[in-house]
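Examination of the molecular architecture
Okay, here's what each chain looks like letter by letter:
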Amino acid sequence: MAVRVEGKVFHLETKNSMYQMKADEYGVLRHLWYGNKTGSDMDYLLDYPDVGFAGNIYDADTCRTYSLNTLPLEYGTAGVGDYRVPAVSITHMDGSNALDLRYVDYRITKGKYAIPGLPAVYAEEAEAETLEIILKDTATDIYVILKYGILEEYDVITRSVVVENRGEQAVTLQRVHSLCLDFPYGDWEWIHFHGRHAMERQPERQEVFHGIQESSSMRGMSSHQQNPAILLCEKGCTETSGFCIGAVFMYSGSFQTQVEKDQLNQTRIVMGIHPDTFSWRLEGQDSFYAPEVILSCSGTGMGQLSRQFHRIIREHVCRGNYKLTERPVLINNWEATYFDFDDEKLLNIAKEAARLGVDMMVMDDGWFGKRDDDYSGLGDWYVNEKKLRGGLVKLVEQVNALGMKFGIWFEPEMVSEDSDLYRAHPDWAIQIPGRKPMRGRSQLLLDMTREEVRDYLYQVISAVLNSANVEYVKWDMNRSISDWYSAALSADRQGEMPHRYVLGLYELLERLTHDYPNVLFEGCSGGGGRFDAGMLYYCPQIWCSDDTDAYERTKIQYGTSFFYPISAVGSHVSAVPNHQTGRMTPIETRAVTAMAGSFGYELDLNTLSQEEKDAVAEQITRFKEYGPLIHNGDYYRLSNPMKDKLAAWAFVARDQSRVLIQGMIFRTEANMLRYPLRLQGLAPEKRYRLEGTEQVYTGAALMEAGILLPRSWGDYIPVEMLFTEL
Ligand code: DGJ
């Protein structure tokens, strides 16, 4: 049993971790522990100091050492004397905002709970257990249900929250965070993932200082600028040693993660929907469901933590027919042609790609309506027959005849003012009456909260999918959201719109992915602007970044690898000089970098020399051989490309019979010794042969001393070595 209840102490256990909380004599749910197993009741850790200006609950009578402000709590509330960042804040009908939650009951069920309208980790009944703890406000009929999903074998605990208004009067929810996690002790650092367009998920590790630090997005999307995932590490924690905790928010809209170190050096993390662009009128007898947070921890460093997240996301978040199967190697025409293409150009690219072994041709932006640049056409999802003479069916048939699948690009949530859709339904675009809307990439957003908008999108997208043999959809989203206002919502509900937008997006994605199970959906938002576990529930892969420069990609993919599985990372070989940086890198270097993902090409292969074409054909053959190891194996970061002179990573087969090292030496220096790269995750006693040589090493030697990388010459030198157990 993953959940054990003794008295009012709740013990949650996974293979290697333990989570504890306790409803105390006042019914306050206190957090006791999240970390390695101790086999003990961790209540003994609690200290009850009489801290000045830390208030005492009324029930404690004359006792001055019992304070909600100093005790570790399971779900901190606003307005009742806990001055740390609250997890929940509600305005009642009388305008007050206190919420004093006390324990009522609990429920344990087999399997993993689901969340209506929202993505959530899913599992077979035998794989998971659900604990619900029911709390109630002392003065009103507001109930808060804390949900815990325990996936023992995966070392994962999920958390989510339901607020139930069992009274008659409406209340306004100002903040309902999905996670609140208190640590009374510890010297912590946190890692968050910041960035910008074409430079996403750059890890930044900082000491947790006194006060509040935050990683968040208010863009209506999870964003390029911050990712909804953090690590909390003990000082000194490395890839291979030390304790760390990861929290991934399974949500694609505005979010907030706050880390606070308080006056007593205690640390609290809260994570949830960003409260500054959220409010929710909760009617009597109604419930609000907060999105899910996935938690995991490791006592053996960050690498192990990442592997735990990779497994849970790949196996219990991603869905659909492509979840565990090999992804097609694709060629995308965006960097090859941008908007300037017709059927002939596409076919030319497809023909060469087919000759070299590519599985699928993806037609990117520009195939519909009036779309020769990014000023017009969005919303008009019907084929521009001036570009595709003979229509979509003919082109798809021609591509299929080459032995390739066909994929197509959409940006469903958007509308251009210069489009038939906007001319017919200007009111469907998000804008505030009386104000000029903000444009982003010269486009407006559609109001995804409205059913008729979603129905229209379902209908036009399915018309395209039904019209021809389309086997892949790239779902793009190219601007941040502003001007929050929906004509469909009353004034007192406008604060609900950002969250309702995400719910609308999820509803449409659910319908389409359900009705088209054979279509591979790839997420995208100007590259990786919506690279989150919420989108991965619908799209098993996401275009990682609009930066296709191999050198910079090693850093972006390094940051992405902390939580997201390799199969989720859309990654392509593009032309040189690179279109984002002007950098020249060898084609083999671009290929090994792109192979650490769902692999493809994004250039006109006809422009390559014969030698390069031969290299491409050989790379595709290699990827088909290594693909299962890359996507199903365990991923190890072997260097830190943000600091080191090289990027290196490895994929180790689950049975430790093979290991593939890939990477790049950034620069060669004169008169240098060769670089010894230490491997991880091998069986020490096994003997491994370096493929292509007769050299044999023990796993122990490869891990203790390492393997010498080849002597390099020039810059951005590719590294690839395959070791096989003898
Ligand atoms: C942004 C995407 O990230 C690109 O790959 C491409 O699809 C463009 N949008 C098209 O407008």
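Worth saying up front: this structure is predicted, and the values here are computed from it rather than measured.

1. Section: the site of the ligand
Taken together, 13 residues form the shell around the ligand, and within it Asp-364, Asp-365, Lys-474, Asp-476 and Asp-546 come nearest. Within the side chain of Trp-409, one N or O atom sits 3.1 Å away from an oxygen atom of the ligand. Asp-546 is positioned with one of its side-chain polar atoms (N or O) 2.4 Å from an oxygen atom of the ligand. The protein chains hide 98% of the 300 Å² of surface that the ligand would expose on its own.

2. Brief notes about the side chain of Arg-530
Tracing the chain through its elements places Arg-530 in the loop between β27 (520-523) and α8 (533-536). The buried category is assigned to Arg-530, whose relative accessible area is 3%. Once residues within four sequence positions are removed from consideration, Arg-530 is found in contact with Met-221, Ser-222, Ser-252, Glu-413, Trp-475, Met-477, Leu-505, Ser-525, Met-535 and Ile-542.

3. Points about the pairing of strand β17 (residues 267-273)
With respect to burial, β17 is a largely interior element, 7 of its 7 residues being buried. Pairing of strand β10 (residues 171-183) with β17, which is carried by 6 bridges, proceeds in the antiparallel orientation. Following the sheet pairing, Asp-182 is matched in β17 by Arg-268. With 7 bridges joining them, strand β16 (residues 255-261) and β17 adopt antiparallel strand pairing. Within β17, the position partnered with Val-259 by the bridge is Ile-269. Between β16 and β17, which follow one another and run antiparallel, lie 5 residues, and Asn-265 among them has a positive phi close to 65°.

4. Concerning helix α11 (residues 610-632)
The first and last C-alpha atoms of α11 sit 33 Å apart over 23 residues, in line with the 33 Å expected at 1.5 Å per residue. When the local axis directions of α11 are compared, the greatest deviation, roughly 50°, occurs at Tyr-626, which is followed within four positions by the proline Pro-628.

5. Describing the packing of helix α6 (residues 451-467) against helix α7 (residues 497-515)
Axes are the key here: two packed helices are described by the angle between their axes and the distance separating the axes. Relative to each other, α6 and α7 sit at 30°, their axes nearing to 10 Å. Taken together, the axis directions place α6 and α7 in an arrangement best described as roughly parallel. When you trace α6 past α7, the crossing you get is right-handed. Of the residues in α7, those touching α6 at Arg-454, Asp-455, Leu-457, Tyr-458 and Ile-461 are Gly-504, Glu-507, Leu-508, Arg-511, Leu-512 and Asp-515. When the residues that make up the contact of α6 with α7 are grouped by side-chain class, the tally is 5 nonpolar, 1 polar and 5 charged.

6. Points about the side chain of Arg-371
Tracing the backbone through its elements, the reader meets Arg-371 in the loop between β22 (360-363) and α4 (391-401). Residue class for Arg-371 comes out buried when judged on its relative accessible area of 0%. A polar contact is formed between the side chain of Arg-371 and the side chain of Asp-365, at a distance of 2.9 Å. Setting aside its immediate chain neighbours within four residues, Arg-371 contacts Phe-339, Asp-365, Gly-366, Ser-376, Leu-378, Lys-387, Trp-409, Glu-411, Ser-416 and Arg-441.

7. Concerning the packing of aromatic side chains
Per the counting criterion, the structure on display carries 36 aromatic pairs. Ring plane angle 80° and centroid distance 6.1 Å describe the contact between Trp-484 and Tyr-501, whose orientation is recorded as edge-to-face. In this pair, Trp-484 is assigned in the loop between β26 (472-475) and α7 and Tyr-501 in helix α7, connecting sequence segments 17 residues apart. A relative accessible area of 1% means that Tyr-501 is categorised as buried. Joined through ring pairs, the aromatic side chains of Phe-193, Phe-309, Phe-531, Tyr-558, Phe-562, Phe-563 and Tyr-564 make up one cluster. Positioned over the ring face of Trp-543 is Arg-553, at 4.8 Å from the centre of the ring.

8. Some thoughts on the pairing of strand β23 (residues 405-410)
With 5 of 6 residues buried, β23 lies mostly within the body of the structure. Two strands pair when backbone bridges link them, and β22 and β23 are joined in this way by 4 bridges, in the parallel orientation. Along β23, the bridge assignment pairs Met-360 with Lys-405. With α4 bridging β22 and the parallel β23, this β-α-β connection has right-handed handedness. Sheet topology note: the β23/β26 ladder contains 4 bridges and is parallel. By the bridge assignment, Trp-409 is partnered in β26 with Lys-474.

Conventions and cut-offs
Residues numbered from 1 in each chain as written. Predicted model: local features only at pLDDT ≥ 70, side-chain atom pairs only at ≥ 80, totals over all residues. Heavy atoms only, no water. Near = heavy atom within 4 Å. Polar contact = N/O pair within 3.5 Å; in protein donor to acceptor, adjacent residues only side chain to side chain. Areas by Shrake-Rupley, 256 points an atom, 1.4 Å probe, with all protein chains shown as cover. Helix = DSSP H or I, 4+ residues; strand = E, 2+ residues; numbered from the N terminus. Buried < 20%, exposed > 50% of the residue type's maximum accessible area, 1.4 Å probe, protein only. Contact = heavy atoms within 4.5 Å. Pairing = 2+ DSSP bridges. Expected span 1.5 Å × (residues − 1). Bend = angle between axes of the 7 residues up to and from the residue. Axes fitted to C-alpha atoms, helices over the stretch in contact; angles between N-to-C directions. Parallel < 35°, antiparallel > 145°, perpendicular 65-115°, else oblique. Left-handed = near helix turned anticlockwise from the far one by under 90°. Nonpolar A, V, L, I, M, F, W, Y, C, P; charged D, E, K, R; others polar. Phe/Tyr/Trp six-rings, centres within 6.5 Å; stacked < 30°, edge-to-face > 60°. Lys NZ or Arg CZ within 6 Å of the ring centre and 35° of its normal. Right-handed = clockwise from strand over helix to strand, strands pointing away.

Geometric values such as these leave the question of function open.
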